[in-house]
Amino acid sequence: MTDTSTATAASVPLAPRALPLLGHALPLLRDPLAFIMSLSGYREMVRVRLGPSTAMMICDPDLTRQVFLNDRVFDKGGPIYDRIREVIGDGLSTCPYPLHRRQRRLCQPSFHPTRLAGYGAVFARAAEVKAASWRDGDVLDITQEMMTLTTRATMETMFSGSLPAETMRRALADTSTIVTAFFRRMMTPALLRRVPTPRKRRYDQARDRLSATIAEIIAERRADPTDHADLLSTLVAAVDEESQDGQKQLSDTELADEALTFFLGGMETTAITLAWALHLLATNPDVQHGLQAETDQVLAGGKVDPAHLPSLDLAARVVTETLRLYPPAWMMTRAVRQDTELGGVRLKGGSTIVLSPYLLHRRADLYPEPDRFDPDRWLGGQPDRAAYIPFGAGARKCIGDQFALTEAILALTAIVARWELTPVGDQPFEPKVETSLSSRGLRLRISERRTSGTGDAGLHAATPRSAPAQPSTPAHPSTPPGAGGCPVKH
């Protein structure tokens with residue numbers, strides 16, 4: 001795969017500000033998004049040092065797509081996935097190439113389109129309950145509220161019922177502890193990660209408790225073979241007829257890994273996407289009023305239902321644009337499994353590739369006015385598959401993209417139909433950069449809306465630029481712009 005005309009990795013420019021021993025760890029920890037965007041001038045690739053190791057940062061959409069499509073060579077690996085494996089083992093989102101195809105076949109029935117209607121009904125019900133629990137004038141920690149919503153919905157779709165209140169509270173707290181620790185652990189040298197600091201002890205305890213909770217649920221389900229019409233039942237019953245080694249079903253360990261994968265991703269990723277979407281609506285009132293007009297027309301005074309999805313065009317575009325600006329998996333890594341060539345550069349087996357949807361999504365040559373929230377940019381059709389990659393591409397594209405997109409659209413509609421959202425204070429809110437682009441600490445004020453209940457626009461509705469002009473083919477979760485939103489990190 002190489003020839004004498006290709007360059008060596010050493011000939012690729014090194015990003016500035018590398019320090020001895022630490023490399024670029026300090027700027028990545030201090031302001032990772034600013035550091036990532038400082039690399040936007042490198043049109044193909046640039047070297048980045050993570051401690052003593054060097055990784056190749058890919059800045060070009062076509063090269064990024066090549067990496068995604070060739071998962072045999074550019075396999076799941078690198079510092080991000082090493083840390084995630086500490087919690088979820090070799091689940092579908094983290095397992096190496098030799099394990100992936102079998103696991104994908106076994107997990108696919110859980111996300112079959114015929115199951116989406118049932119999942120959608122759960123999402124809609126959970127969103128309506130959450131929206132109805134608020135009071136006029138409340139100032140909400142909107143990320144915490146969305147985490148509670150998606151936790152309940154995820155628990156019901158996965159385990160056909162909510163956990164006891166105390167168990168759910170603990171699972172939510174443990175998940176928050178784990179997710180918050182991922183990025184710092186990713187950037188910390190291995191020797192320092194073993195130091196028994198209070199932060200490490202909290203991380204270990206949270207990881208062990210969450211694993212024990214999932215293991216207990218699985219043990220109970222193994223003892224009760226009844227089909228509960230939930231995601232876990234399909235995982236338990238799944239059979240891989242193409243298995244070559246006689247392992248036609250998921251083992252207990254594999255089942256626990258998959259359950260943790262979908263639980264963590266389904267709860268955190270969608271909650272963060274919803275929080276960012278609500279923040280963007282609060283700071284862009286014209287778009288918010290256009291979405292309110294859409295909800296008034298589509299819901300006609302009733303509750304949101306999966307049957308409404310084909311008509312919720314603007315809601316789908318808001319989610320798509322949110323995922324462009326704040327892709328949950330803002331940075332990804334891949335491990336090069338054998339000597340290869342990429343973009344005319346020879347790469348040795350064992351080296352690390354870094355990809356950043358955040359960087360690509362904010363390139364001015366790919367997106368005019370890239371920092372502006374503009375759902376109307378998606379009226380022209382489907383996004384470029386190479387330039388819009390909130391959750392990857394190829395064989396390892398997120399298996400649950402439709403699952404999470406459905407949840408996000410229904411939840412967003414249920415909330416906006418009832419409430420007007422406004423910012424608290426006039427200071428811009430910045431992401432908390434963790435493994436995801438967290439919206440932790442985001443607060444919004446809500447005010448009750450009054451609508452006619454006849455399907456006409458409510459009192460707050462306007463006819464802004466982003467009002468829902470009905471396209472000839474309305475957006476639908478089976479063919480969304482970009483198919484974004486996914487419970488499995490890439």
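Throughout, a residue's number is its position along its own chain's written sequence, starting from 1. The model is predicted, so local features are restricted to residues of pLDDT at least 70 and side-chain atom pairs to those at 80 or more, both for listing and for counting; the totals for chains, interfaces and linings are taken over all residues. As a rule here, side-chain values come from all non-hydrogen atoms in the structure, and water together with hydrogens is ignored.

An unreviewed UniProt entry annotates the protein chain as Cytochrome P450 originating from Streptomyces asiaticus subsp. ignotus.

> Just checking my understanding: could you explain empty space enclosed by the protein for this structure?
Which parts of space are left empty comes out when a probe the size of a water molecule is rolled across the atoms. Any residue with an atom within 4 Å of a point lines the site, the site being either a cavity, points on a 1 Å grid over the protein atoms alone where a 1.4 Å probe fits but cannot get out, or a pocket, an open set with protein on both sides within 12 Å along at least 5 of 7 lines. Grid points are joined across faces, edges and corners, and a volume is the space filled by probe spheres set on the points. Overall, the coordinates contain seven cavities of 30 Å³ or more when judged by the stated rule. Estimated volume of the second largest cavity: approximately 60 Å³. Considering the residues around the second largest cavity, the lining is formed by ten residues, among which Leu-28, Val-48, Leu-50, Met-331 and Val-354 are closest to the centre. Secondary structure is summarised from DSSP: a helix means a run of H or I of at least four residues, a strand means a run of E of at least two, and numbering begins at the N terminus for each. Those elements that place two or more of their residues in the lining of the second largest cavity are helix H2 (32-37) and strand E2 (45-50). Residue composition of the lining of the second largest cavity, by class: ten nonpolar, no polar and no charged. Any residue that is not Ala, Val, Leu, Ile, Met, Phe, Trp, Tyr, Cys, Pro, Asp, Glu, Lys or Arg is counted as polar, Gly included; the first ten are nonpolar and the last four charged.

> In this structure, what is going on with the pattern of salt bridges? I would like to understand it.
Pairing is possible between side chains of opposite charge, provided their charged atoms come close. For this analysis, a salt bridge means a side-chain nitrogen from Lys or Arg found within 4 Å of a carboxyl oxygen belonging to Asp or Glu. Following the criterion strictly, the structure yields 27 salt bridges and no others. The salt bridge involving Arg-207 is made with Asp-208; its shortest N-O contact spans 3.6 Å. Residues Glu-369 and Arg-372 are paired through a salt bridge, measuring 3.3 Å at the closest nitrogen-oxygen approach. One salt-bridge network, held together by shared partners, links Lys-200, Asp-204, Arg-207 and Asp-208.

> When you look at the pairing of E2 in this model, what are you seeing that I'm missing?
Each regular strand shows side chains that alternate between the opposite faces of the sheet. To sort residues, take the accessible area from a 1.4 Å probe on protein chains only and compare it with the maximum for the residue type: under 20% means buried, over 50% means exposed, and anything in between is partly exposed. Here E2 lies mainly inside the structure; five of its six residues are buried. Sheet analysis places E2 next to strand E3 (residues 53-58), joined by six bridges and oriented antiparallel. Considered in E3, the bridge of Val-48 is made with Ala-55. Between the end of E2 and the start of E3, which pair antiparallel, lie two residues, with Gly-51 showing a positive phi angle near 65°. Here, strands pair whenever DSSP counts at least two bridges between them.

> Hey, could you run me through helix H10 (residues 198-223) in this one?
Turn by turn, an α-helix covers 3.6 residues, leaving residues three or four places apart pointing in a common direction. Take the number of residues in a helix, subtract one, and multiply by 1.5 Å to get its expected span. Taking 1.5 Å of rise per residue, 26 residues should cover 38 Å, and H10 covers 38 Å from first to last C-alpha, within 8% of that figure. Within H10 the residues assigned to the buried category are Lys-200, Tyr-203, Asp-204, Ala-206, Arg-207, Leu-210, Thr-213, Ile-214, Ile-217, Ile-218 and Arg-221.

> Any chance you could explain the packing of aromatic side chains here in plain terms?
For any pair of aromatic rings, the description rests on two quantities: the centre-to-centre distance and the angle between the ring planes. Pairing of aromatic rings covers Phe, Tyr and Trp, the last through its six-membered ring, and needs centres within 6.5 Å; plane angles under 30 degrees mean stacked, over 60 mean edge-to-face, and all others mean tilted. If you walk through the whole model with that rule in mind, you get nine aromatic pairs. Pairing Phe-123 with Phe-403 gives two aromatic rings, centres 5.1 Å apart and planes at 85°, and the pair type is edge-to-face. With a gap of 280 residues between them, Phe-123 in helix H6 (residues 113-132) and Phe-403 in helix H16 (residues 401-418) connect regions that are remote in the sequence. This pair shows no difference in class: Phe-123 is buried, exactly as Phe-403 is. Ring geometry for Trp-134 and Trp-419: centres 6.4 Å apart, planes at 50°, overall tilted. Residue Trp-134 is found in the loop between H6 and strand E5 (139-141), and its partner Trp-419 is found in strand E10 (residues 419-423); the two are separated by 285 residues along the sequence. Note on accessibility: Trp-134 and Trp-419 belong to one class, buried. By definition, being over a ring means that NZ of Lys or CZ of Arg is both within 6 Å of the ring centre and within 35 degrees of the ring normal. Directly above the ring of Tyr-367 sits Arg-324, whose terminal nitrogen or CZ lies 5.1 Å from the centroid. Here the guanidinium or amino end of Arg-362 rests over the ring plane of Tyr-326, the centre of that ring lying 5.4 Å away.

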